[in-house]
Amino acid sequence: MTTPLHIVCPHCDAVNRVPQERLGEAPTCGKCQASLFTGQPVDLSGARFLKHVERSDIPVLVDFWAPWCGPCRTMAPFYAQAARQLEPRLRVVKVDTEANQELGARHGIRSIPTLALFSNGREVARQPGAMDTGNILAWVQRNLQGSR
């Protein structure tokens, strides 16, 4: 048996310990009993964002976006489709930079949409501009290999 991974619940933000070999078995949260992986991007802000990035043992893919941004709205369905394919290997999240300006400023987001990939609590890759599902998946794969 492998060392359990810490997985932050997308519903109640409890940190769960899940054996790596059980990630594909639809694990549920020990606190709220909800599924730890929804196949959809999780909307995060402030302290919730920090908890998911800093406490999760799986990489976290972030879409920094805003509701008024046309390219962001165009990319949204592609990002959601990528989430279905990337989970449970990654946590896929969205941060509305209009509502969470402090997070955008803290991470130096200068244009939207911007994807950022975090691993072990630190940013390992960044890509500005809208992408389709195939390009999102290829970019994540390329950058995960480079961060190991």
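Before reading further, recall that the structure is shown in the block above.
About the thresholds
- Residues numbered from 1 in each chain as written.
- Predicted model: local features only at pLDDT ≥ 70, side-chain atom pairs only at ≥ 80, totals over all residues.
- Heavy atoms only, no water.
- Core = buried A, V, L, I, M, F, W, Y, C linked by side-chain atoms within 4.5 Å.
- Buried < 20%, exposed > 50% of the residue type's maximum accessible area, 1.4 Å probe, protein only.
- Helix = DSSP H or I, 4+ residues; strand = E, 2+ residues; numbered from the N terminus.
- Contact = heavy atoms within 4.5 Å.
- Pairing = 2+ DSSP bridges.

Asks: What am I meant to see in the nonpolar core here?
Replies: When a protein is soluble and globular, its nonpolar side chains tend to lie buried together. Grouped together as the largest cluster of nonpolar side chains are 16 residues, with contacts concentrated most on Leu61, Leu115, Ile136, Trp139 and Val140. Going through the elements one at a time, helix H2 (70-86), strand E6 (114-119) and helix H4 (133-146) are the ones with two or more residues in this core. If one sorts the elements of this core by residue count, H2 sits on top with five residues. Among residues more than four places away in sequence, those in contact with Ile136 are Leu61, Met75, Phe78, Tyr79, Ala82, Leu115 and Met131. Counting residues in hydrophobic clusters, the runner-up holds 13 residues, among them Val53, Val60, Phe64 and Val93.

Asks: Before we go on, may I ask you to explain the pairing of E6 in this structure?
Replies: Taken residue by residue, a regular strand's side chains alternate between the two faces of the sheet. Counting buried residues along E6, six of its six residues qualify, which places the element largely inside the surrounding structure. Neither face of E6 is exposed, since Thr114, Ala116 and Phe118 on one face and Leu115, Leu117 and Ser119 on the opposite face are all buried. Bridge count for strand E4 (residues 60-65) against E6 is five bridges, and the pairing is antiparallel. Along E6, the bridge assignment pairs Leu61 with Leu117. Bridging between E6 and strand E7 (residues 122-128) involves six bridges; their strand directions are antiparallel. What sits directly across from Ala116, in E7, is Arg126. The loop that links E6 with its antiparallel partner E7 comprises two residues; one of these, Asn120, has a positive phi angle of about 55°.

Asks: Looking at this structure, I do not really get unusual backbone geometry. What am I missing?
Replies: The phi angle of most residues is negative, glycine excepted, and most peptide bonds adopt the trans form. In this structure, Pro88 follows Glu87 across a cis peptide bond, with omega equal to 10°. Of note, Pro88 is situated in the loop between H2 and strand E5 (91-96). The omega torsion of the bond from Ile112 to Pro113 falls at -5°, within 30 degrees of zero and hence cis. Checked against the element boundaries, Pro113 lands in the loop between helix H3 (101-106) and E6. In this structure, Asp13 is a non-glycine residue whose phi angle is positive, near 70°. Examined against the element boundaries, Asp13 turns out to sit in the loop between strand E1 (4-8) and strand E2 (15-19). Using a relative accessible area of 11% as the deciding quantity, one classes Asp13 as buried. The phi angle at Asn120 is positive, at roughly 55°, despite the residue not being glycine. Position of Asn120 among the secondary structure elements: in the loop between E6 and E7. Since its relative accessible area comes to 67%, Asn120 is described here as exposed.

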